[in-house]
Amino acid sequence: MQALTNRAKAVDRKPMTLVEKLYVWNIFKGMMITLRHLFKKKATISYPEQKRPFSPVFRGLHILNRDEEGRERCTACGLCALACPAEAITMEAAERLPGEENKYREEKYAAKYEINMLRCIFCGLCEEACPKDAVYLSETFAPSNYQRKGFIYGKDDLLIPNPKDNPGEYWKAVGNRKANKEQGN
């Protein structure tokens, strides 16, 4: 029977020599590969002392943003909760009372805002859906926890520090990507 392709090669069945039977050459080649890897740059890092740079498209923990005057940007429109494919966001809206103009930007605000980080898939759709730029994903990892309730973040956990009261913590929480965007760089 004729072969379908002419890529077939005949197998050489000659007996092995003494050097081939001892596998000395193969052991030598393996040791050369090992020695080559000893002098290469290591892929691992010492984590607490060294930190890897984030990718520009990295999506970490959620942040509820404030405006320049320290008022909450979220108006509880619910678009982020609707856009979330994992249904990880829940919120309740409330009306702003007289005298609370310094706390909330609009007449309506989020009285309760929770994100279940066990359900969140970090897709960023909530960030894209928000018309007020109130929700964004920071460059912070989700910390580990031993209990499920520790992964449900409320409004107090998500709200960024006030830029008037604590500007250093505000810019730290904003992160490099968001800071460059807000400063126009």
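Residues numbered from 1 in each chain as written. Predicted model: local features only at pLDDT ≥ 70, side-chain atom pairs only at ≥ 80, totals over all residues. Heavy atoms only, no water.

## Description of the sheet that holds strand E5 (residues 152–153)
Selection criterion: At least two bridges found by DSSP between two strands is the condition for calling them paired. A run of H or I in DSSP counts as a helix once it spans at least four residues, and a run of E counts as a strand once it spans at least two, with each numbered from the N terminus.
If you trace the 3 strands from one edge of the open sheet to the other, you get E2-E3-E5, paired in antiparallel fashion. Whereas interior strands pair on both sides, the edge strands pair on one side only; in this sheet they are strand E2 (89–95) and E5. Sheet topology note: the E2/strand E3 (residues 108–116) ladder contains 7 bridges and is antiparallel. Residue pairing for E3: Ala 93 is matched across the bridge by Ala 110.

## Comments concerning the UniProt feature "binding site: [4Fe-4S] cluster 1" (unreviewed entry) in the protein
Keep this limit in mind: UniProt positions are given in the numbering used here, feature names are shortened, and annotations may be inferred rather than shown by experiment. Pairs of residues are marked as contacts when any of their non-hydrogen atoms sit within 4.5 Å. Only protein chains enter the area calculation, which uses a 1.4 Å probe; residues under 20% of their type maximum are buried, those over 50% are exposed, and those in between are partly exposed.
Following the UniProt record, the feature "binding site: [4Fe-4S] cluster 1" (unreviewed entry) maps to Cys 74, Cys 77, Cys 80 and Cys 130 here. For this annotated set, covering 57 residues, all C-alpha atoms fall within 10.3 Å of each other, a compact arrangement in space. Residue placement: Cys 80 occurs in helix H3 (residues 79–83). Ignoring sequence-local partners within four residues, the contact set of Cys 80 consists of Ile 89, Met 91, Tyr 113, Cys 126 and Ala 129. Tracing the backbone shows Cys 130 in the loop between helix H4 (125–129) and strand E4 (135–137). Look at Cys 130 and you get buried, because its relative accessible area is 16%.

## Quick look at unusual backbone geometry
In the Ramachandran plot, Ala 76 falls in the positive-phi region, its phi being about 55° despite a non-glycine side chain. With respect to the helices and strands, the residue Ala 76 is situated in the loop between strand E1 (62–64) and H3.

## Here's the deal with the UniProt feature "binding site: [4Fe-4S] cluster 2" (unreviewed entry) in the protein
Here, UniProt's "binding site: [4Fe-4S] cluster 2" (unreviewed entry) annotation points to Cys 84, Cys 120, Cys 123 and Cys 126. A compact arrangement is adopted by the annotated residues: their sequence extent is 43 residues, whereas the largest C-alpha distance between any two is 10.4 Å. Positionally, Cys 123 belongs in the loop between E3 and H4. Setting aside its immediate chain neighbours within four residues, Cys 123 contacts Arg 59 and Pro 85. When residues no more than four places from it in sequence are discounted, the contact partners of Cys 126 are His 62, Cys 80, Ile 89, Val 135 and Leu 137.

## Some remarks on the environment of Lys 41
Structurally, the position occupied by Lys 41 is in the loop between helix H2 (24–38) and E1. On the accessibility criterion, Lys 41 (81% relative accessible area) is exposed. Once the C-alpha coordinates of Lys 41 and Lys 149 are considered, the two residues, 108 residues apart in sequence, prove to be 41 Å apart.

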